[in-house]
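# Survey of secondary and tertiary structure
As a plain string of letters, each chain reads:
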Amino acid sequence: DVGLINGAFMIMIIYLIFNLGGLCHKINSRAGLAFLCVLSIVAAGISGYGLGMWAQFDYTPVHSVLPFVLVGIGVDDSFVIMNALDRTDPTKPPAERVAMAISQAGVSIMVTSITDFVAF
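Figured I'd write up the structure that's included with this text.

Calculation criteria
Throughout this document, residue positions are counted from 1 along each chain, in the order its sequence is written. Where local features are concerned, this predicted model is filtered to residues with pLDDT of at least 70; where side-chain atom pairs are given and counted, the filter is 80 or more; whole-chain, interface and lining totals use all residues. The side-chain quantities take in all heavy atoms of the structure and omit both hydrogens and water. Counting from the N terminus, the helices are DSSP H or I runs at least four residues long and the strands are E runs at least two residues long. Positive residues here are Lys and Arg, negative ones are Asp and Glu, while His and the chain termini are left out of the count. One atom stands in for each charge, and that atom is NZ of Lys, CZ of Arg, CG of Asp or CD of Glu. Note on definitions: salt bridges are taken to be side-chain nitrogens of Lys or Arg within 4 Å of carboxyl oxygens of Asp or Glu. Exposure is judged per residue with a 1.4 Å probe applied to protein chains only, and the accessible area is read against the type maximum: over 50% gives exposed, under 20% gives buried, and values in between give partly exposed. Both site types are read off a 1 Å grid over the protein atoms alone. A 1.4 Å probe that fits but cannot get out defines a cavity, while an open set with protein on both sides within 12 Å along at least five of seven lines defines a pocket; lining residues have an atom within 4 Å of a point. Grid points are joined across faces, edges and corners, and a volume is the space filled by probe spheres set on the points. As a working rule, the residues Ala, Val, Leu, Ile, Met, Phe, Trp, Tyr, Cys and Pro are called nonpolar, Asp, Glu, Lys and Arg charged, and the rest polar, with Gly in that last group.

## With respect to the overall build of the chain
Helices and strands together make up the secondary structure of the chain, namely four helices and zero strands. In the chain, the succession of helices and strands from N to C terminus is α-α-α-α. Reported as C-alpha extents along the three principal axes, the dimensions of the chain are approximately 50 × 30 × 25 Å. Distance from the positive charge centre (5 side chains) to the negative charge centre (8 side chains) of the chain: 17 Å.

Following this line, the structure appears as structure tokens:
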């Protein structure tokens, strides 16, 4: 079972890197950015489990499902942010483009996060 779980995570990570990274496009390749998205998702999971352990919550079967939920939400948020970044004006400075993308994507990220929090 552990091999299947690790395989599922690897398939999702490879999917994210290929689709978000655009490895086939030599100029607009964002494979490094996609890899950093994966690292951000992993860091969020580790910090969440660490905070739960620090607060001495009991480990329940729900905790076994949480990594899949975290990866799903993180991958979805990565696609939303990159789509918003693609819709910004490329002539503006990068800091302004990122600020505009996050301000546009923030609402949908918040709604999906609240919905998933209530559901799970």
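There's plenty left to go through after this.
## Some thoughts on the environment of Ala-84
Looking at where Ala-84 falls in the secondary structure, it is placed in helix H3 (residues 62–86). Counting along the chain gives 17 residues from Ala-84 to Ala-101, while the straight-line C-alpha distance between them is 4.8 Å.

## Overview of the pattern of salt bridges
A complete count under the given rule lists one salt bridge for this structure. Between Lys-92 and Glu-96 there is a salt bridge, with the nearest N and O atoms lying 3.7 Å from each other. A relative accessible area of 36% places Glu-96 in the partly exposed class.

## Focus: the layout of surface pockets
The space that makes up the largest pocket amounts to roughly 590 Å³. Lining the largest pocket we find 20 residues, and of these Gly-48, Tyr-49, His-63, Leu-66 and Leu-70 sit closest to its centre. Among the elements of the structure, helix H2 (31–54), H3 and helix H4 (94–119) are those that each provide at least two residues to the lining of the largest pocket. For the lining of the largest pocket, the residue count by class is 12 nonpolar, five polar and three charged. Taken together, Phe-9, Ile-13, Val-38, Ile-41, Val-42, Gly-45, Ile-46, Tyr-49, Pro-67, Leu-70, Val-71 and Val-75 form the lining of the second largest pocket. Broken down by secondary-structure element, the contributors of at least two residues to the lining of the second largest pocket are helix H1 (2–21), H2 and H3. Counting residues per element, the lining of the second largest pocket draws most heavily on H2, which supplies six residues.

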